Amino acid sequence: MKIIGTGSALPEKVVYNDMLTGFLDTSDSWITTRTGIQTRHLLSKETLSELAITSASAAIQSSGLQPSDIDYLICSNVANSYVTPSLSSIILSPLGCCCPCTDLNGACAGFLYALDIADAFISTHRAKNILIVAAEEPSRFCNWHERETSVLFGDGAGAVVVTEGNGFVDFRVTADTHTDVLYYKRSLETTPYDRVEEKTMPLVMQGREVFKLAVRACIKDVDTILEKNNLTGDDIDMYLLHQANLRIIDSIREHLGQPKEKFPTNLQKYGNTSSASILILIDELSREGLIPDQSTLLLSAFGGGFVTGAAITKWSKIEYNS
Ligand code: UT7
């Protein structure tokens, strides 16, 4: 399997750290030094499905395929206004696609899970061209009176088209139950039989715990996938990591003893856009011509669950007609 098209879309509204100090006991210096984040884009006028469609259309267009050529659509999403139908069903026909579609919730590692599943479909010839879209609006499940969580996230969407080819070398996905460290709970309707009063709980996160789990798990993933493929950190040209916190990325980089230039970031501009973060990064770098042809990329992400995913791929340059 290989990536042949990319796209991304961000909300118009840009929120600077200073703009949060009007209603949160926080500061630009705390947010930048502890996370690296300077601004984030938040949904205001647009809807998440509009962002998903824009990013997916750009990915299809850059792939050189027609929407009718897509034979499977996978949408990675943690939560949106609709519980049903799925986000993938909502965007399918507006995109001009006519194929099976499904959503998956792999939290911030959802893109890596989607790639792993797409590879299984493609290598068994169940599908040839798969569109993967990650569209996330974490701003809608934070408590905006809580400085511990709300400053970290941004909304956005990213997409890739994958097809048969020799790009991906290997995948590693893991899962473990750690419900308490990160959760967002939505209330369900009550029934005459089950009268347990349910309450929606905005995102609850034990930041320090997640930080430690993330660094530990990503290092394990990266070390394992490198070793399994007889590679060392030096063999990787670029590490595209989940954009959650610059200090998490730095800890992984320091463990690997690799230079900063190999770890491009954009969390400074967008915050943590959950499973869309690596996709937005790939799209930006690729469109700017910053991913050399035939370079080796290592992708790695972690998310609530606790789930993680990593992949190694050889990059084939994509031509964009602007
Ligand atoms: O995709 C997965 C999503 N989650 C993550 O990636 C989160 C991973 N964790 C982190 O990124 C970091 O743990 C945080 C950025 C969330 C927090 O950074 P930290 O260096 O671990 O800070 P801390 O939680 O240890 O808190 C240090 C202090 C506390 O005050 P006291 O107890 O020392 O007086 C917090 O109350 O910083 C305080 N604090 C803040 N101060 C200003 C927490 N949030 C803020 C804030 N502004 N926004």
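Residues numbered from 1 in each chain as written. Predicted model: local features only at pLDDT ≥ 70, side-chain atom pairs only at ≥ 80, totals over all residues. Heavy atoms only, no water.

So, about the sheet that holds strand S13 (residues 307-314). Spatial strand order, S8-S13-S12-S11: 4 strands in an open sheet with mixed pairing. For this open sheet the edge positions go to strand S8 (168-175) and strand S11 (238-241), each flanked by a neighbour on one side alone. With strand direction ignored, the average angle separating the axes of adjacent strands in the sheet is 10°. The pairing of strand S12 (residues 296-303) with S13 spans 8 bridges and is antiparallel. Looking at S13, one finds that Leu298 is bridged to Ile312. (Pairing = 2+ DSSP bridges. Helix = DSSP H or I, 4+ residues; strand = E, 2+ residues; numbered from the N terminus. Axes fitted to C-alpha atoms, helices over the stretch in contact; angles between N-to-C directions.)

In this section: the site of the ligand. Close contacts around the ligand come from 22 residues, with Thr26, Arg34, Arg208, Asn245 and Asn272 the closest. A distance of 2.9 Å separates an oxygen atom of the ligand from a polar side-chain atom of Arg147. Interatomic distance of 3.1 Å between a side-chain N/O atom of His242 and an oxygen atom of the ligand. Against a free-state accessible area of 950 Å², the protein chains account for coverage of 77% of the ligand. Of the residues belonging to the shell around the ligand, the class tally is 10 nonpolar, 6 polar and 6 charged. Counting the residues that make up the shell around the ligand, at least three belong to each of domain 1 (2-166) and domain 2 (171-314). (Near = heavy atom within 4 Å. Polar contact = N/O pair within 3.5 Å; in protein donor to acceptor, adjacent residues only side chain to side chain. Areas by Shrake-Rupley, 256 points an atom, 1.4 Å probe, with all protein chains shown as cover. Nonpolar A, V, L, I, M, F, W, Y, C, P; charged D, E, K, R; others polar. Domains from an automatic or database assignment.)

Right, let's get into helix H3 (residues 48-63). Along its 16 residues, H3 runs 23 Å from first to last C-alpha, staying within 8% of the 22 Å computed at 1.5 Å per residue. All of the buried residues in H3 are Leu48, Ser49, Leu51, Ala52, Ser55, Ala56, Ala58, Ala59, Ile60, Ser62 and Ser63. Tucked inside the fold, the buried residues of H3 contact strand S1 (2-9), helix H4 (87-95), strand S6 (130-136), strand S7 (156-163) and helix H10 (277-287). After H3 finishes, the residue Gly64 shows a positive phi value of roughly 80°. (Expected span 1.5 Å × (residues − 1). Buried < 20%, exposed > 50% of the residue type's maximum accessible area, 1.4 Å probe, protein only. Contact = heavy atoms within 4.5 Å.)

Counting residues in each nonpolar core, the largest one holds 42 residues, and the members touching the most others are Phe111, Leu115, Ile130, Ile132, Val162, Leu240 and Leu299. Here this core takes 8 residues from helix H5 (residues 110-123), the largest share from any one element. Split by domain, the residues of this core number at least three in each of domain 1 (2-166) and domain 2 (171-314). The contacts of Leu115, once residues within four sequence positions are left out, are Met1, Ile132, Val162, Phe168, Phe171 and Leu299. Met205, Val210, Ile225 and Ile249 belong to the second largest nonpolar core, which has 41 residues in total. (Core = buried A, V, L, I, M, F, W, Y, C linked by side-chain atoms within 4.5 Å.)

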